[in-house]
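Architecture and fold: a report
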Amino acid sequence: MKFSEELYEKLTNQEDARLCRDISDEACRETPQNFVLMLVSQFLTKLGDAVASPKTTLAWITGFVGAPAYVLGFLVPIRESGSLIPQLFIGGIIRRLPIRKWVWVAGCIGQSLAVGGLALVVFTLQGKAAGLAILGLLVVFSLSRGFSSVASKDVLGKTVPKTKRGQLNGWSASAAGLVSLGIGLMLILPVAQQTATWFYALLLTGAGLLWLIAAAVFSQVREYPGETGGARNVLESL
């Protein structure tokens, strides 16, 4: 028995890894492997989100580079709503694609590049220029995150049975939460304050690498062409 099947059975408490009801037979055969691949990729991206949190790491960066005070107020709104609003308009476009995992991969790479850019800001910019760069990179991050979010839901619906999707999300969030707790403890240690520039820059660089690895893992998901008819966005529905 493959490792993915063994792990899938243990995590989902299902003895028959090939039992599916709401996805195609061909997709069902790949469910154990796809479940594990998506679990790993989700864990990596959730961990990256925690490392590059606008409430901790990004908030510190704005102060360190001397960015204007208003930049701090825009961090969370851009990070959150910036990824939600575009989904209203891009969902129909993405669902016209028979294979959608590459949209997730592209979005993940975009997030990686944006976070890597934030690491460069720590070393190269100061003041207003640094603040505008942070906001611009955060917009790129949020847009990329929006693409990945839409694609992720579609790929999940095509590759994992409905009864197991909650377990997948739960396991990835729990694992990432535990690791994030350790990272949070590191942030309050004296050594993190004494070597702030290098520490936070390396932290962001590491977060960027997490998204790249997640993209590589997710690209191995075996997704079969899905339905493309009837895909519309909000504007087309008006």
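See the structure shown above.
An account of the accompanying structure is given in this report.

Conventions we followed
- Residues numbered from 1 in each chain as written.
- Predicted model: local features only at pLDDT ≥ 70, side-chain atom pairs only at ≥ 80, totals over all residues.
- Heavy atoms only, no water.
- Helix = DSSP H or I, 4+ residues; strand = E, 2+ residues; numbered from the N terminus.
- Buried < 20%, exposed > 50% of the residue type's maximum accessible area, 1.4 Å probe, protein only.
- Contact = heavy atoms within 4.5 Å.
- Areas by Shrake-Rupley, 256 points an atom, 1.4 Å probe, with all protein chains shown as cover.
- Salt bridge = Lys/Arg side-chain N within 4 Å of Asp/Glu carboxyl O.
- 1 Å grid on protein atoms, 1.4 Å probe; cavity = no way out; pocket = protein on both sides within 12 Å on 5 of 7 lines; lining within 4 Å.
- Points joined across faces, edges and corners; volume = space filled by probe spheres on them.
- Axes fitted to C-alpha atoms, helices over the stretch in contact; angles between N-to-C directions.
- Parallel < 35°, antiparallel > 145°, perpendicular 65-115°, else oblique.
- Nonpolar A, V, L, I, M, F, W, Y, C, P; charged D, E, K, R; others polar.

Considering the overall build of the protein
Scanning the protein from N- to C-terminus turns up 12 helices and zero strands. Counted from the first residue to the last, the protein has its helices and strands arranged as α-α-α-α-α-α-α-α-α-α-α-α. Expressed as a percentage of the 238 residues in the protein, the buried residues total 49%. Put simply, 82% of the contacts in the protein that link residues at least 6 apart link residues at least 24 apart. Of the accessible surface of the protein, which amounts to about 11,700 Å², a share of 66% is contributed by carbon and sulfur atoms.

Details of the pattern of salt bridges
Inspection of the entire model under this criterion finds five salt bridges. Notably, a salt bridge pairs R79 with D49, separated by 2.9 Å at the nearest N-O pair. In this pair, R79 is assigned in helix 5 (residues 69-84) and D49 in helix 3 (residues 31-51), connecting sequence segments 30 residues apart. With respect to class, R79 is no different from D49; both count as buried. Across the salt bridge formed by R145 and D49, the nearest N and O atoms sit 3.6 Å from each other. Pair noted here: R145 is in helix 8 (residues 127-159) and D49 is in helix 3, with a separation of 96 residues, a long-range link. Overall, the relative accessible area of 22% leaves R145 in the partly exposed class. Bridged by salt links that share partners, the residues D49, R79 and R145 form one connected network.

Notes on the layout of surface pockets
Empty space within the largest pocket amounts to approximately 470 Å³. Along the wall of the largest pocket there are 20 residues; nearest its centre are T45, K46, W104, S149 and S152.

Focus: the environment of R21
By the element assignment, R21 lies in the loop between helix 1 (3-12) and helix 2 (25-29). In sequence terms R21 and T163 are 142 residues apart; their C-alpha atoms lie 9.4 Å from each other.

Let's talk about the packing of helix 1 against helix 3
One way to put it is that helix 1 packs onto helix 3 with a least axis distance of 8 Å and a crossing angle of 75 degrees. The orientation of helix 1 with respect to helix 3, classified from their angle, is roughly perpendicular. Listed contacts from helix 3 to S4, E5, L7, Y8, L11 and T12 of helix 1 are T31, P32, Q33, F35, V36 and L39. Considering only residue class, the contact of helix 1 with helix 3 consists of seven nonpolar, four polar and one charged.

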